[in-house]
Amino acid sequence: MRRPSIVASLVAGVLCVSAPAYAQADLSGIWQPRFHEDQPERLPGPELGDYLGLPITEGARKWAESWDPSRLTVPEHQCQVHISPYIYRGPMNVRIWEEKDPRTQEIVAIKQYISTYEQTRTIWMDGRPHPSPNTPHTWMGFSTGRWEGDMLTVTTTHIKQGWVRRNGLPQSDRTTMTERFIRTGNVMTHVTVVRDPVYLTEPLVKSQNFVLSLRELPQQNWLWVCLPVVEVADRPSEAQDVPAYFPGENPFLAETRKRRGLPEEALRGGAETMYPEFQQKLRGRR
Amino acid sequence: MTRAYLALGLVALAGLAAAQQQNFDSVQIETVQVRPNIHMLVGAGSNVTVHTGEDGVLVVDTQFAPMSDKILAAVRALSDKPIRFVVNTHMHPDHIGGNERIASAGGTRAGGNVFGDIGNAARNRAEIVAHENVLKRLSFPGTATPAPQGAWPTVTFFGDQRDMLFNGEAVQMFHQPAAHTDGDILVFFRRSDVLSTGDVFVTTTYPYIDVAGGGHVNGIIAALNRIIGIAVPSNVEEGGTLIIPGHGRVTDEWEVVEYRDMVTIIRDRIQTMITRGMTIEQVKAARPTIDYDARFGADSGFWTTTMFVETVYRNLTAKS
Ligand SMILES: [Zn+2]
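Model, not experiment: these values are computed from the prediction. (Residues numbered from 1 in each chain as written. Chains lettered and ligands numbered in written order. Predicted model: local features only at pLDDT ≥ 70, side-chain atom pairs only at ≥ 80, totals over all residues. Heavy atoms only, no water.)

Each helix and strand counted, chain A has eight helices and 11 strands in total. Taking the principal axes of the C-alpha coordinates as reference, chain A spans close to 80 × 50 × 40 Å. Looking at chain A as a whole, 47% of its 286 residues qualify as buried. Expressed as a percentage of contacts within chain A between residues at least 6 apart in sequence, the contacts between residues at least 24 apart total 60%. Taken as a whole, chain A presents about 14,800 Å² of accessible surface, with 56% of it coming from carbon and sulfur. Distance between charge centroids for chain A: 6 Å, based on 34 positive and 33 negative side chains. (Helix = DSSP H or I, 4+ residues; strand = E, 2+ residues; numbered from the N terminus. Buried < 20%, exposed > 50% of the residue type's maximum accessible area, 1.4 Å probe, protein only. Contact = heavy atoms within 4.5 Å. Areas by Shrake-Rupley, 256 points an atom, 1.4 Å probe, with all protein chains shown as cover. Lys, Arg positive; Asp, Glu negative; His and termini not counted. Charge placed at Lys NZ, Arg CZ, Asp CG, Glu CD.)

Our focus in this paragraph is the coordination of the zinc ion. With distances of 2.1 to 2.3 Å, the protein atoms coordinating the zinc ion are B:His90 (NE2), B:His92 (ND1), B:His180 (NE2) and B:Asp199 (OD). Here the zinc ion is ringed by four donor atoms whose angles at the metal span 84 to 167°, and the overall shape comes out irregular. (Donors = N, O, S within 2.8 Å, 3.2 Å for Na, K, Ca; no water. Tetrahedral: all angles 85-135°; square planar, octahedral: opposite > 155°, others 65-115°.)

Time to look at the confidence of the model for chain B. All names here are of chain B. Taken residue by residue, chain B gives an average pLDDT of 92. The fraction at 70 or more is 90%. The low-confidence segment residues 1-11 (pLDDT under 50) makes 18 contacts with residues lying over four places distant or belonging to another chain. Across the interface, the model reports ipTM at 0.91; the global pTM reads 0.92. (pLDDT = per-residue confidence, 0-100.)

This part takes up the interface of chain A and chain B. It is common to report an interface's size as the accessible area lost on association of the parts. Counting from both sides, the interface comprises 38 residues of chain A and, opposite them, 34 residues of chain B. Interface of chain A and chain B: buried area, both sides summed, is about 3,200 Å²; carbon and sulfur atoms make up 54% of it. Among the residues chain A hides against chain B, the three largest losses belong to A:Glu76, A:Asn134 and A:Phe246. Together they make up 20% of the total. Here chain A is connected to chain B by five salt bridges. Close ionic contact of B:Arg295 with A:Asp173 constitutes a salt bridge, the shortest N to O distance being 2.7 Å. Inspection of the chain A/chain B interface yields 18 residue pairs in polar contact (both at pLDDT 80 or more). At the level of secondary structure, the elements contributing two or more residues to the side of chain A that touches chain B comprise α3 (58-66) and α4 (75-78) of chain A. For the side of chain A that touches chain B, the element with the most residues is α3(A), which contributes five residues. Grouping the amino acids of the side of chain A that touches chain B by side-chain chemistry returns 17 nonpolar, 11 polar and 10 charged. (Buried area = accessible area lost by both parts, 1.4 Å probe. Salt bridge = Lys/Arg side-chain N within 4 Å of Asp/Glu carboxyl O. Polar contact = N/O pair within 3.5 Å; in protein donor to acceptor, adjacent residues only side chain to side chain. Nonpolar A, V, L, I, M, F, W, Y, C, P; charged D, E, K, R; others polar.)

This part is about the packing of aromatic side chains. Within the structure shown, the criterion is met by 18 aromatic pairs over all chains. Measuring from ring centre to ring centre gives 6.3 Å for A:Tyr245 and A:Phe252, while their planes differ by 65°; the resulting arrangement is edge-to-face. On the accessibility criterion, A:Phe252 (34% relative accessible area) is partly exposed. Ring plane angle 75° and centroid distance 5.5 Å describe the contact between B:Tyr259 and B:Phe296, whose orientation is recorded as edge-to-face. Of this pair, B:Tyr259 sits in helix α8 (residues 253-275) while B:Phe296 sits in helix α10 (residues 293-296), and the two are 37 residues apart along the sequence. Judged by relative accessible area, B:Phe296 falls into the buried class, the value being 13%. Ring pairs connect the aromatic residues B:Phe201, B:Tyr206, B:Tyr208, B:Tyr259, B:Phe296, B:Phe302, B:Trp303 and B:Phe308, which therefore count as one cluster. (Phe/Tyr/Trp six-rings, centres within 6.5 Å; stacked < 30°, edge-to-face > 60°.)

Tracing the backbone shows A:Val81 in the loop between α4 and α5 (84-87). Placed 36 residues apart in sequence, A:Val81 and A:Tyr117 show a C-alpha to C-alpha distance of 6.2 Å. With near-sequence residues (within four places) excluded, A:Val81 lies in contact with A:Ile87, A:Tyr117, A:Gln119, A:Trp139, A:Met140 and B:Val236.

Okay, the layout of surface pockets next. In this approach the atoms are scanned with a rolling probe the size of a water molecule, which exposes any empty space left behind. All names here are of chain A. In this structure, the largest pocket occupies an estimated 470 Å³ of space. Surrounding the largest pocket, 21 residues form its lining, Asp-38, Glu-41, Leu-52, Arg-89 and Arg-165 being those nearest its centre. At the level of secondary structure, the elements contributing two or more residues to the lining of the largest pocket comprise α2 (39-42), β7 (162-165) and β11 (204-213). Among the elements that take part in the lining of the largest pocket, β11 stands out by supplying four residues, more than any other. (1 Å grid on protein atoms, 1.4 Å probe; cavity = no way out; pocket = protein on both sides within 12 Å on 5 of 7 lines; lining within 4 Å. Points joined across faces, edges and corners; volume = space filled by probe spheres on them.)

Spelled out as structure tokens, the structure:
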């Protein structure tokens, strides 16, 4: 008995050494976010009228200025999900695992279950094409992935409309997203590059870090149940009431500027406000 | 006011007619599966819904006439049963163009007292089902939208609703008065949970309001709310009822909600501007659609942003 098993392990060892192409990182496990990056936006939430650092179009700004948060009380909006380019920014747990063809052990897909909104993502690794533009969009979109060394690169299309920032800045359903998942020990870095030909003038790049959980989490931590309820009892009917401000008449937009003492031209965002030169420009004003 | 309406409508119809003259030779049909027994055909003009089963085939809308053979080939790839019914969501040429050819390729069940020449005539064609206003618009002498007699609906209804059971499925047709036209219907496949909306909902442009054809922005909003009323999503507002729009991609309820929000917001803005005494030129200059133009607007073509804003303005200022 002993000898064959030694031979087997030697063979296995040789196979491992001689197959570096398959020594890609394994992202499997339970990951939990750390919030040292962009914390005020990610946990307490962005302030109204703060679009600083976002390469938005004039149309996106107008959309957000007209948006009334009480639109989220409309039943069909109560349970709407943060789309895949946004969902990783909030409090969440994500479980990652691989699906392999049992006959060949080739990887078919990398799956992710995200606790917020109970979302499952499938990142197809088998080279399949993205579907026709005439097929439905979803909150998570349709994703395909490939390894670039130890980095997983994912391309996602067919994403529903959602938020660039959840103070009313829209992201359109024509968005495509490129992601990089990079594992360094028990830390995973996630970088998203969002291109939206409707509401962004330049690609928007964001990153966040996750730490591997060495323990399973309680069942309840994986659930996120939403049932719409009547939140505004005297609403005449949805047909007559889509909460929105008339252009230029949103009374709350000035609050952030006053409280934080930030100039209007910074808060209104735009590609220019992403770059260090913009800080120099503001400094020059003082 | 009426003259302005008519002019707008005629311009738009001229656009549709121009589209009819385009070269369809290179257009291929794409078949999108929506359910095992329901497919959406995409080619030139409207989306086509194909419902298949033991009883035969039911087709909703038929694109432009030159697409007919390609549509028939796509239907044949899904079922070898006879086409029994052609349903029209409304009377525009990009939705009824193939009626004659496609109905002629099908056949109705007929017998009993219907025999001889009458019986053969009945058996040799599928029935064309639509709201009565569609037949009126296509057949009435002097109408702006005439169609050859073979394209006319053969089964019409006057009221709010018509139901039929086909392939073991309740097929319900709901009339939405004065919306895109005055003859719009939603076609609901109740068991399969699929809704074909015609042009009261599209994912491609602002809603086209054919005022000469009896359309009105408030009817569009009512129709969108009806769709939202019928559709039931699965968990967290996704999936559930699937919606086949007049043009564009398959969606679920939430994307109709977003579109309903947009049309309502734009309607409300223009209404407020009217109440404040703004002229049509002032309203256009204020760009009440600016936040949606990059997604749904157009500077050229047969339904521009300007035409949409003007039409909503005229809808809301017209004396009824
Ligand atoms: Zn139409």
